[in-house]
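Fold and geometry: a report
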Amino acid sequence: MAPHLRLRPQLRLLLLVLGVALGLGSADPGLGHGAEASDRAEPDPYSILTWHDYSPPSPPPPPPTPEAPAATCADDLHGKGDFSTTCEVSEEVKLDGDIYIAGNGSLVLNSGAAMTCEKPGCVISANLSGEVRLGRGVRVVAGKVSLSATNITIADTVIVNTTGLAGDPPDRTSGVPTGTHGDGGGHGGRGASCYVRDGQTQEDSWGGDAYAWSDLEHPFSYGSKGGSTSVEKDYGGIGGGILWLFATDLLMNGTMLADGGDSSEKGGGGSGGSIFIKAATMHGSGKISASGGNGLAGGGGGRVSINVFSRHDDTQTLVHGGRSSGCPDNAGAAGTLYDAVPKSLDVSNNNMSTQTDTLLLEFPNQPLWTNVNIRNKAKVAVPLLWSRVQVQGQLSLKSGAILSFGLTRYPYSEFELMAEELLMSDSTIKVFGALRMSVKMLLMWNSRMSINGGGAVVGTSLLDASNLIVLKVHCWHTRNDCYSLLTLLFDVSCIFCQESSVIHSTANLGVRGQGLLNLSGDGDMIEAPRLILSLFYSIRVGPGSILRGPLVNGSNGDVSPKLNCEDESCPVEIIYPPEDCNLNSSLSFTLQVCRVEDIDVWGLVQGTVIHFNRARSVTVHTSGTISATGLGCKSGIGRGRLLSSGLSGGGGHGGKGGNGFVNGSRAEGGTAYGNADLPCELGSGSGNDSTGSSTAGGGIIVLGSWEYSLPSLTVYGTVESDGGSSIDAVTNSSIGPGGGSGGTVLLFVRTMTLAESSVLSSAGGFGRAGSGGGGGGRIHFHWSNIPTGDEYIPVAAIEGSILASGGMSKGPGFPGENGTVTGRACPKGLYGTFCKECPLGTYKNVTGSSKSLCFECPSGELPNRAVYTSVRGGAAETPCPYICVSDRYRMPHCYTALEELIYTFGGPWLFGLLLSGLLILLALVLSVARMKFVGTDELPGPAPTQQGSQIDHSFPFLESLNEVLETNRAEESHGHVHRMYFMGPNTFSEPWHLPHTPPEQITEIVYEDAFNRFVDEINTLAAYQWWEGSVYSILCILAYPLAWSWQQWRRRKKLQRLREFVRSEYDHSCLRSCRSRALYEGLKVTATPDLMLGYLDFFLGGDEKRPDLPPRLRQRFPISLIFGGDGSYMAPFSLHSDSVLTSLLSQAVPSSIWHRLVAGLNAQLRLVRHGNLKVTFLPVLNWLETHANPALAVNGVRVDLAWFQATTLGYCQLGLVVYAVEGEPVTAELDGSPRIKIEQHSVVQDMLADAQLSHSRVKDALMRKRITGGILDSNTLRTLKDRRDLLYPFSLILHNTKPVGHQDLVGLVISILLLADFSLVLLTFLQLYSYSMADVLLVLFVLPLGILSPFPAGINALFSHGPRRSAGLARVYALWNITSLVNVVVALICGFVHYKSSTKAHPSTQPWNLGTDESGWWLFPTGLILLKCIQARLVDWHVGNLEIQDRAVYSNDPSIFWQS
């Protein structure tokens, strides 16, 4: 391994020596050229294009073997050591001539040492295999310095200087200036010259010329000497020398100088020399300079080439020209800096102003250079007749750089510029000739591209870029605030400026790309005599930016577009433009935008004939303008007549020009011309082309074409082609020219939006001082593919201004006539310029645009409740489209759902007949089904009234009411002591309760204290919970029948609880009887069937052993018998006579008489109505006196109506008082039949008289027996308190009545009315639905489901078994029926509200037709109200028929009553 490692440096040294020998040679120019050719023949090992993986390259080749004998360390350099090992030099060594150092060792110049040979062209060459190390402060001075080693270290403060020590420049070069003008020498850049010859400019004058362009990659030439101002003495500065460094590793912190020599003000500066550095790696931040020398005129910069694969630090490299004291703004031209690894060329003049060029000659083709950078006020020229500037990457110009193509005075050349990117910042490109540019991206910041076509000698210039962005530099008030994209990309400071970027061409110019064209700065401009922009994806003309063609005041000769002012024919390319989008001088266009997707105009687009072809969208923003104003013809077909006095008429076009008139002189205005339906003419002027004061007409603006219309045009700003006004013309006469006529705006578009502040104008210009105003131009909208029918969408949204008016005259002249605004003929259903839909109520069935073609629709075809409606594409045929005024109406007749139903069956009358027949049929079916289901044996009928008929007491119901809830056996009366009634009506607000004081009748059988405790427990159990009353209150509001059912259910539960308590839970401790306490007997709780009246019966236990107990009937008189019920419809008053009461009273009155009396009394009590007791109780009082008491008097008994037990809330119970009358009873015989034979009439009359006498004594007996209450007669009845509640009005409709018989007929009629009710409810809902769904829900839920419940309740009542159950369900049905009136009234109100609102919105024009329009809103609700009232009456009869089987109970004849 060790030998191998030792051999490698030797091999590398050998390769380095061979490379230097082959590549550098001697100082002979011929050898240099040969070496250069040899280097170019081999691929560059350090090129970034060769080393794709960036691996370190092999060491560079060594310099050539010196011709002179090799120097020694000790003898020639006064150092220590030798060149085979290490040679150290510590002192200053001055050499007299060339020195060549070679060896396998190293050379070390310690700090303070120096090696100088200050003779021009003197050579110091070192070729070592080891290291060359230059310590701090070391100086190496010679005309040519060549150092080659494995490692080279140049410390800071080291100076390797070849400034002003150049040898002779190469032969056949013109780097040395001629003459005695003190010009600068040339090399990489031309030397400056402050002397300007006659007929030339500063740019045409230079000193020494540039040379060695072909060797810029491996520069080896000396710089040139500057010129002198004297023949006798040479004052010119000497050129810079040559400096080469070859190493594997290079540490460079010192200064490498090959600058041209300075001169005094009597001579020019020398040009910079050559510096070539080649290494694998390079570190350090030293300085490298090959700049021109200063003098009267500065010398040109030299050439620097750096071929370093890996650079870790930035070194300062200068190749600028020298300063010129004779012309400070014209320094020497910059030299060249070539970086071999990225293959980039850099030309920088270090921000020194110059007018002298650095020449760029032939660019290499293989491989291409990557980048070319021109910066810091460098001025570069490509002077050849035809040149291609092609780089693989980026061409950048910045910081005042100038790149010129061709010669200023000979603009006949053609150039090609090809690069990936062209970046310009504060720079200029000048083209003298034609330019074909092809780049992927062109960025311009505050820059200018000027193309001087030089007449018709050269062709059109073409700028081809994927993205063309012309941007303005952003400037701020302070440098600290300066920030822009320019700074990020180009690393320049922001300057306070308001400049802009411009592309200006005096010849035809085409700009083509595939991406974005963006002019964003104020003043950014692209202008040419003919300008075509094509193939971009998007073009944005920013605020203040300009696209212009032709040049304003710049058109001349053959290059200017010729205006066909005298030809009335339309150029075909206006309508059918070519598809290739190439610039053709034979076409009429001066500015064309072709095959561009989106165009946004914020600035100005100006031209004579502007054409946008094959675009997708054009948007003219608020600040944007597309203008052809005043760029038309000065003469033309419609030119105004021009008088010698200067008075002229206005130009004519779409309208005739106004006549000029001053002091009796009259100048006729121009005539109108052109086709209004397809205009394509320029506007005419007010004179002729030879008159400078004439005004021009408007130009032509064409958007789209016949074959390729513009899909979308949006205008927020201005599109104008107005005629020129005389105020714009220059004239010395007091009488000015007339106004030019408006031009043409031809729009081939699909859709267009004209915003509120926008203007589309082709107006005439103003006349001056009596001259006529210009006539209006022509605007035509050629809509393409106008959609019709359901596919129609509006083609235009117009809110802005469209002007084609004639111009006014500022004086006595006449205004021009208005121009024309036309559109393509509209298809059927559409009219007008913008093809809008015909107005409502009209139709159009022909093609055309006139509004008169929209005919009125036939009025007879429009139904009531319908209005005409707009449809897509307008109405093209009759009948015209219409809709109903509301969604609740149905097409096509605008009927409601109800009306559709009615008219489906032939109209209101036929529908009513069919419905009536159907209801009757269904009612008959229901009746038959009811008879089959219920059974005829259970259907009650009228009881026979003839003599000898038998009454079935097993079915007493209202005749005797002798049933007891849950009673399975007849009570024995012999053990009964007393019946104690509960106080209160058993409601949630006033439940049952017993008084704590025991009655006198039971004091002998109860313990008082225990009785009080028993009463407390009973009262507690009888009370209701709060939530039970709350539920009842809520249900009373929502559904009263449910509230009644809820109350009865809770009453039943309460009664069961009380009975269970008394029967099973209570220990009967209040009773004195031991047997009763042991057997839990002696007490019994019972109630009437209506559950409103409860009572507690006391019985003996059997172990009392008292003969006075139980008391006999006569001892118990007077007896109080309290009525059940409260006189309401659901609970009428009734006397409940159970077996105990019947058995007890049978001691005085026969059972048959008592049963008949109870039946008759209950029949009379049914008719008593709560809220009207004072009136309805009078018939009861009369009946007692005429029917009851006469029969009872025979048995020595009398009954009277009385009130009992008034509670704290004022509720008092009503009933009868039974007591004995004085005297002996009349003997009655039973003949084996239920009839009672009344004895002699006189005897009966005497007994009645005795009863009347003892009536007053009854009151005393009541007080004596302590029975709380009082007798009611015709006088005291007036004082009875009778409270009426909120439901009292319903009692006027719904109340108990006498039976009417004919039960089957009544049931049939109820069935018919029930079905009719349900049918009307459904029809009402249909009617309400035609109003709104909210009305339906309101009526349905104001009392939830109240309007639907009567039908199922009625069916349930009709089909129930048993008279008693049927009567109860019929009462519930009656409640639902009367409750639903609230819902019906709400329906009536909803109909009235709808009628009023609909009458105001849509007055009815049809006559009243039985509810099938709004005027019949009341019909169905009113019918429902009538039906429900009739049903209420029929149900009352039905219930009466069910509950009263014997109608004789209502007989006024007592004998008939008692005999039945």
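1. Focus: the overall build of the protein
- Regarding its fold elements, the protein presents 24 helices and 68 strands.
- For the protein, the proportion of contacts with a sequence separation of at least 24, taken over those separated by at least 6, is 67%.
- Accessible area for the protein stands at about 61000 Å²; split by element, carbon and sulfur atoms hold 55% of it.

2. Some words on the sheet that holds strand β67 (residues 1213-1220)
- Taking strand neighbours across the sheet as the criterion, the 4 strands line up as β65-β67-β66-β68 in an open arrangement whose pairing is antiparallel. Each of the sheet's edge strands pairs with one partner strand only, and the pair in question is β65 (1119-1122) and β68 (1269-1271). Pairwise comparison of adjacent strand axes, ignoring direction, gives a mean angle of 35° for this sheet.
- In this structure, β65 lies alongside β67, joined through 4 bridges in antiparallel fashion. Counted as the bridge partner of L1121 is L1216 from β67.
- Each of β66 (1197-1204) and β67 is contacted by helix α16 (residues 1178-1193), which is oriented at about 140° to β66, the strand it contacts most.

3. Looking at a nonpolar patch on the surface
- Together, Y1329, M1333, L1337, F1341 and L1345 give the surface a local cluster of nonpolar side chains, amounting to about 480 Å² of exposed area.
- For the nonpolar patch, the leading source of residues is helix α20 (residues 1333-1341), giving 3 residues.
- By secondary structure assignment, the location of M1333 is in helix α20.

4. Re the sheet that holds strand β13 (residues 255-257)
- An order of β3-β6-β9-β11-β13-β15-β17 is seen for the 7 strands of this open sheet, with the pairing classed as parallel. Edge positions in the open sheet fall to β3 (92-94) and β17 (316-318), since each of these has one partner strand only. For this sheet the average axis-to-axis angle between neighbouring strands, irrespective of direction, equals 5°.
- Where strand β6 (residues 114-116) and strand β9 (residues 139-141) come together, 3 bridges link them in parallel fashion. When the sheet's bridge partners are listed, M115 is paired in β9 with V140.

5. Focus: the environment of G650
- With respect to the element layout, G650 can be found in the loop between β42 (625-627) and β43 (660-662).
- The exposure class of G650 is buried, given its relative accessible area of 0%.
- Considering only alpha carbons, one finds G650 and G723, 73 residues apart in sequence, at a separation of 9.6 Å.
- Here G650 is in contact with G638, G640, G657, G658, G669, G670, G739, G772, G773 and G774, once residues within four sequence places are set aside.

6. What about the pattern of salt bridges?
- One pass over the full model with this rule turns up 33 salt bridges.
- Linking E131 and R133 is a salt bridge whose minimum nitrogen-to-oxygen distance equals 3.2 Å.
- Owing to a relative accessible area of 22%, E131 belongs among the partly exposed residues under this scheme.
- Measuring nitrogen to oxygen at the nearest pair gives 2.9 Å for the salt bridge that ties R1166 to E1443. Residue R1166 is found in the loop between α14 (1151-1165) and α15 (1173-1176), and its partner E1443 is found in helix α23 (residues 1419-1443); the two are separated by 277 residues along the sequence. Neither R1166 nor E1443 differs from the other in exposure class; each is buried.

7. A look at the nonpolar core
- L422, M449, F612, I626 and W783 are the most contacted members of the largest nonpolar core, which has 87 residues in total.
- Sequence-distant contacts of M449, defined by excluding residues within four places in its chain, comprise L422, M424, I429, L435, M437, L442, M444, L463, V502, I503 and H504.
- L1358, L1375, I1378 and L1427 belong to the second largest nonpolar core, which has 55 residues in total.

8. Section: the state of the cysteines
- All chains considered together, the criterion is met by 10 disulfides.
- A sulfur-sulfur separation of 1.9 Å characterises the disulfide bridge that pairs C117 with C122. Between C117 and C122, the disulfide has an S-S torsion of 105° and is therefore right-handed. You'll find C117 and C122 in the same group, each marked buried.
- Bridging C565 to C633, the disulfide has an S-S length of 1.9 Å. Torsion about the S-S bond of the C565 and C633 cystine: about -95°, corresponding to left-handed handedness. Of this pair, C565 sits in the loop between β36 (546-549) and α5 (572-575) while C633 sits in the loop between β42 and β43, and the two are 68 residues apart along the sequence.
- Relative accessible area serves as the criterion here: at 11%, C565 is assigned to the buried category.

9. Let's talk about the confidence of the model for the protein
- Looking at the protein, pLDDT values average 82 and 84% of them are 70 or higher.
- Confidence over residues 1-62 falls short of pLDDT 50; this stretch has 109 contacts with residues more than four positions distant or in other chains.
- Predicted confidence is poor over residues 1404-1412, with pLDDT under 50, and the contacts of this stretch with residues over four places away or in other chains come to 22 contacts.

10. With respect to the pairing of strand β8 (residues 131-134)
- Only one face of β8 is buried: it carries V132 and L134, and the other face, with E131 and R133, is open.
- Two elements, strand β5 (residues 106-109) and β8, share 3 bridges in a ladder whose sense is parallel. By the bridge assignment, V108 is partnered in β8 with R133.
- Looking at chain direction, β8 and strand β10 (residues 144-154) are connected through 4 bridges and run parallel. Opposite R133, over in β10, you have T153 as the bridge partner.

11. Quick notes on the packing of aromatic side chains
- For the structure shown, the criterion picks out 32 aromatic pairs.
- Centre to centre, the rings of F1133 and F1177 are 5.6 Å apart; their planes meet at 35°, and the pair counts as tilted. Of this pair, F1133 sits in the loop between β65 and α13 (1139-1145) while F1177 sits in the loop between α15 and α16, and the two are 44 residues apart along the sequence.
- Accessibility expressed as a relative area gives 6% for F1133, which makes it buried.
- A network of ring pairs unites the aromatic residues F1011, F1014, F1061, Y1066 and F1098 as a single cluster.
- Above the plane of the ring of W206 lies R190, whose end atom (NZ or CZ) is 3.6 Å from the centre.

12. Describing the environment of V1393
- Residue position: V1393 is located in helix α22 (residues 1363-1401).
- For V1393, a relative accessible area of 51% corresponds to the exposed category.
- Separated by 24 residues in sequence, V1393 and W1417 place their C-alpha atoms 9.5 Å apart.

13. Re the packing of helix α8 (residues 1008-1022) against helix α10 (residues 1040-1065)
- Interaxial distance between α8 and α10 falls to 9 Å at its minimum, and their mutual angle equals 155°. In terms of orientation, α8 lies roughly antiparallel with respect to α10. Between α8 and α10 the crossing geometry is right-handed. Residues F1014, E1017, I1018, L1021 and A1022 of α8 pack against K1054, R1057, L1058, F1061 and V1062 of α10.
- Of the residues assigned to the contact of α8 with α10, the class counts are 7 nonpolar, no polar and 3 charged.

14. Considerations on the packing of helix α6 (residues 897-904) against helix α19 (residues 1303-1331)
- Two numbers describe how α6 lies on α19: the axes approach to 7 Å, and their chain directions differ by 125°. Taken as axis vectors, α6 and α19 run oblique relative to one another. Two secondary-structure elements touch here, α6 through A897, L898 and L901 and α19 through L1323, L1326 and Q1327.
- In terms of residue class, the contact of α6 with α19 is made up of 5 nonpolar, 1 polar and no charged.

15. Some details on the side chain of S809
- Among the structural elements, S809 can be located in strand β54 (residues 809-810).
- A distance of 2.6 Å separates a polar atom in the side chain of S809 from the backbone oxygen of S771.
- The residues touching S809, leaving out its near neighbours within four places in the chain, are G767, G770, S771, G772, G773 and F814.

16. A few points about the pairing of strand β27 (residues 428-445)
- The buried fraction of β27 is high, at 13 of 18 residues.
- Two strands pair when backbone bridges link them, and strand β25 (residues 402-405) and β27 are joined in this way by 4 bridges, in the parallel orientation. What sits directly across from I402, in β27, is T428.
- Looking at chain direction, strand β26 (residues 413-425) and β27 are connected through 12 bridges and run parallel. What sits directly across from E421, in β27, is M441.
- Two elements, β27 and strand β28 (residues 448-452), share 5 bridges in a ladder whose sense is parallel. Counterpart to K430 in the pairing with β28 is S450.

What counts, and where the lines are drawn
Residues numbered from 1 in each chain as written. Predicted model: local features only at pLDDT ≥ 70, side-chain atom pairs only at ≥ 80, totals over all residues. Heavy atoms only, no water. Helix = DSSP H or I, 4+ residues; strand = E, 2+ residues; numbered from the N terminus. Contact = heavy atoms within 4.5 Å. Areas by Shrake-Rupley, 256 points an atom, 1.4 Å probe, with all protein chains shown as cover. Pairing = 2+ DSSP bridges. Axes fitted to C-alpha atoms, helices over the stretch in contact; angles between N-to-C directions. Patch = residues over 30% accessible without salt bridge, like charges linked within 9 Å, V, L, I, M, F, W, Y side chains within 5 Å. Salt bridge = Lys/Arg side-chain N within 4 Å of Asp/Glu carboxyl O. Buried < 20%, exposed > 50% of the residue type's maximum accessible area, 1.4 Å probe, protein only. Core = buried A, V, L, I, M, F, W, Y, C linked by side-chain atoms within 4.5 Å. Disulfide = S-S within 2.5 Å. pLDDT = per-residue confidence, 0-100. Phe/Tyr/Trp six-rings, centres within 6.5 Å; stacked < 30°, edge-to-face > 60°. Lys NZ or Arg CZ within 6 Å of the ring centre and 35° of its normal. Parallel < 35°, antiparallel > 145°, perpendicular 65-115°, else oblique. Left-handed = near helix turned anticlockwise from the far one by under 90°. Nonpolar A, V, L, I, M, F, W, Y, C, P; charged D, E, K, R; others polar. Polar contact = N/O pair within 3.5 Å; in protein donor to acceptor, adjacent residues only side chain to side chain.

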